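# Summary of the model geometry
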Amino acid sequence: MLFWVVLGLGTVWGSVAVWVQFPAARWVVLAFGAAILAVIWARVATDWGWAALLTLSVVVGGWYLSLQPRLDRDWAPDVARIVTADVGGDTVTLHNIRAFRWTDPDHAAEHWVERQVDLHKLASADMITSVWDNPEIAHLLVSFGFDDGQRIVFSVEIRKERGEKFSSVGGFFRQFELALIAADEEDIVKLRTHYRGEDVRLYHLRLTPEQLRVMFLQYLELGNEIAENPRFYNTVTTNCTTVVWQLSKALKPDLGLDMSLLLSGRLPEYLHRLGVLEGAGTLDEIRAAARISERARAAPEGADFSAVIRAGR
């Protein structure tokens with residue numbers, strides 16, 4: 001019985017891993033399946049089935065563990081660069097800030113800029129959630145505001161290759177590297193409100209000046225790290241919410257796990273319980289007031305986009 005359980009689970013895992021990693025050669029999966037059938041026959045017909053299964057497991061497992069994240073792939077334009085920063089006291093110079101101006105969900109006028117900010121002027125942080133289908137699943141962005149009017153949004157994403165699409169299954173099997181994107185709101189928020197038609201909500205976070213500084217520097221440290229030492233994205237353990245949860249432990253080392261780390265549409269509930277969300281009224285009222293998509297799409301051409309989406313808050 002143990003043999004068949006191990007064989008079944010191993011066959012499913014190995015087949016999916018090979019299928020994900022070799023999209024242009026699906027026949028490899030068929031060959032892998034044939035090898036599994038041979039092992040099954042060997043187990044039934046002889047006594048060396050365990051040896052065959054062990055050999056096959058070592059081959060497939062060794063191949064999978066040999067997969068390493070890289071920096072030199074042909075990246076999609078929107079994740080071609082990772083944000084990095086030079087920190088000198090209270091002055092921070094950020095490199096590779098994305099400032100695309102989108103014309104449709106897949107095309108934009110591409111601009112990457114450099115900005116300098118003063119940490120003394122760091123004034124606020126907003127959580128932005130974006131739902132594209134299932135309301136239980138949302139993408140998480142964090143926007144930092146400065147007294148001089150600058151806003152920088154951080155987004156943990158998959159680092160797609162050119163022509164590649166997101167796959168939650170592929171995210172389990174080392175298909176994507178991890179990316180940290182920094183962008184202005186007219187790029188990364190407007191893409192979601194205008195061109196993807198997503199349900200976008202903005203929540204102001206209740207953080208002290210010291211907490212704001214710590215979280216901002218945590219993002220910069222992450223960007224500098226993965227720009228030099230790439231990591232794999234993982235659908236569960238290394239995604240847009242779990243990575244931010246890890247960064248937030250710099251503020252609260254005993255920060256507990258929560259179902260919202262998987263069902264990210266529930267993040268407002270989690271933060272509300274922690275006392276981190278600003279806003280009066282019930283959680284439902286806070287969530288309703290946080291919706292910005294319609295307001296964003298109604299913004300006049302040339303208006304201050306960041307001011308428009310916060311109007312009346």
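Throughout, residues of each chain are indexed from 1 in the direction in which the sequence is written. Selection of residues for local features in this predicted model requires a pLDDT of at least 70, selection of side-chain atom pairs for listing and counting requires 80 or more, and totals for whole chains, interfaces and linings are taken over all residues. Excluding hydrogens and water, the side-chain values take into account all heavy atoms of the structure.

Before going further, it helps to examine the overall build of the chain. Summing up its helical and strand segments, the chain has eleven helices and ten strands in all. Only protein chains enter the calculation, and the probe is 1.4 Å; a residue is then buried if its accessible area is under 20% of its type maximum, exposed if over 50%, and partly exposed in between. Among the 313 residues that make up the chain, the fraction classed as buried is 44%. Residue contacts follow a heavy-atom distance rule, with two residues in contact if any of their heavy atoms lie within 4.5 Å. Taking the intrachain contacts of the chain between residues at least 6 apart in sequence as the baseline, contacts between residues at least 24 apart amount to 66%. Residue exposure ignores everything except the shown protein chains as possible cover, and the areas themselves are Shrake-Rupley values with a 1.4 Å probe. Carbon and sulfur atoms form 57% of the exposed surface of the chain, whose accessible area is close to 15,700 Å². Strands here mean DSSP runs of E at least two residues long; helices mean DSSP runs of H or I at least four residues long; both are numbered from the N terminus.

The next point concerns the side chain of T193. Here T193 lies in helix α5 (residues 190–195). Residue class for T193 comes out buried when judged on its relative accessible area of 0%. Polar contacts here mean pairs of N or O atoms no more than 3.5 Å apart (in protein, one a potential hydrogen donor and the other a potential acceptor; neighbouring residues in sequence count only if both atoms are side-chain atoms). Side chain to side chain, T193 and H194 meet in a polar contact 2.8 Å long. Those residues within four positions of T193 in sequence are excluded, and the remaining contacts are V200, S293, A296, R297 and F305.

All right, on to the side chain of D126 then. Among the secondary structure elements, D126 is positioned in strand β6 (residues 122–131). A residue is classified by how much of its surface remains accessible, and D126, at 2% relative accessible area, is buried. Here the side chain of D126 touches H204 through a polar contact of 2.8 Å, side chain to side chain. Each residue touching D126, except ones within four places of it in the same chain, is listed here: L141, V142, S143, R151, L202, Y203, H204, L205 and R310.

Both cavities and pockets are sets of points on a 1 Å grid over the protein atoms alone; in a cavity a 1.4 Å probe fits but cannot get out, in a pocket the set is open with protein on both sides within 12 Å along at least five of seven lines, and lining residues sit with an atom within 4 Å of a point. Grid points are joined across faces, edges and corners, and a volume is the space filled by probe spheres set on the points. Size it by volume and the largest pocket reaches roughly 1,100 Å³. Lining the largest pocket are 38 residues, with E157, I158, K160, F166 and R196 sitting closest to its centre. When residues of the lining of the largest pocket are traced back to their parent elements, those giving at least two are β4 (107–109), β8 (151–159) and α5. Top element by residues in the lining of the largest pocket is β8. It accounts for three residues. Looking at the lining of the largest pocket, its residues break down into 18 nonpolar, eight polar and twelve charged. The computed volume of the second largest pocket comes to approximately 490 Å³. Forming the walls of the second largest pocket are 24 residues, and the residues nearest its centre are S248, L251, L255, L271 and V276. Residue contributions to the lining of the second largest pocket peak at four residues, all from helix α8 (residues 267–274). For this scheme, ten residues count as nonpolar: Ala, Val, Leu, Ile, Met, Phe, Trp, Tyr, Cys and Pro. Four count as charged, namely Asp, Glu, Lys and Arg, and the remainder, Gly too, count as polar.

What follows is about α8. Within α8, the full set of buried residues consists of L267, P268, Y270 and L271. Seen along its axis, α8 keeps its buried residues to an arc of 160°; they face one direction. Relevant arc is that of directions from the helix axis to the C-beta atoms, nothing else.

Let us now look at the packing of α8 against helix α9 (residues 283–290). The geometry of a pair of packed helices is captured by two quantities: the angle between their axes and the separation between those axes. Angles run from 0 to 180 degrees between N-to-C directions of axes, and those axes are lines fitted to C-alpha atoms, restricted for helices to the stretch in contact. For the pair α8 and α9, the least separation of the axes is 11 Å and the interaxial angle reads 125°. The orientation of α8 relative to α9 falls into the category oblique. Every pair of crossing elements has a handedness; the one defined by α8 and α9 is right-handed. Only L283, I286 and R287 of α9 make contact with α8, whose side of the interface consists of P268, E269 and H272. Note on terminology: angles under 35 degrees are roughly parallel, angles over 145 are roughly antiparallel, angles of 65 to 115 are roughly perpendicular, and the others are oblique. Working rule for handedness: look at the near helix, and if it is turned counterclockwise from the far one by less than a right angle, call the crossing left-handed; if clockwise, right-handed.

Bringing α9 into the picture now. Within α9, the full set of buried residues consists of L283, I286 and A290. Along the long axis of α9, the arc covered by the buried residues comes to 60°, so they all point the same way. Looking at the buried positions of α9, the neighbouring elements they touch are β10 (199–204) and α8.

The next thing to look at is the pairing of strand β1 (residues 84–88). Whether two strands pair depends on DSSP finding at least two bridges between them. With five bridges joining them, β1 and strand β2 (residues 91–98) adopt antiparallel strand pairing. Each bridged residue has a counterpart across the sheet, and for A85 the counterpart in β2 is L94.

By nonpolar core is meant a set of buried Ala, Val, Leu, Ile, Met, Phe, Trp, Tyr and Cys residues that side-chain atoms within 4.5 Å join together. Counting 60 residues, the largest nonpolar core has L94, F144, I152, F154, F216 and Y219 as its most contacted members. It is helix α6 (residues 209–228) that contributes the most residues to this core, seven residues altogether. Apart from residues lying up to four places away in sequence, L94 is in contact with V83, T84, A85, V113, E114, R115, V117, I152, F154, F216 and L220. Ranked by size, the runner-up nonpolar core spans six residues in total, among them A17, V20, Y64 and F232.

Should the charged atoms of two oppositely charged side chains come close, the side chains can pair. For salt bridges, the criterion is a side-chain nitrogen of Lys or Arg within 4 Å of an Asp or Glu carboxyl oxygen. Scanning all chains against the criterion turns up 19 salt bridges. Here R115 ties to D184 by a salt bridge, and the two come within 3.9 Å at their closest N and O atoms. Of this pair, R115 sits in strand β5 (residues 112–118) while D184 sits in the loop between β9 (177–183) and α4 (185–188); the two residues are 69 residues apart in sequence, bridging distant segments of the chain. Counted as one network, the salt bridges with shared partners bring together D126, R151, E185 and R310.

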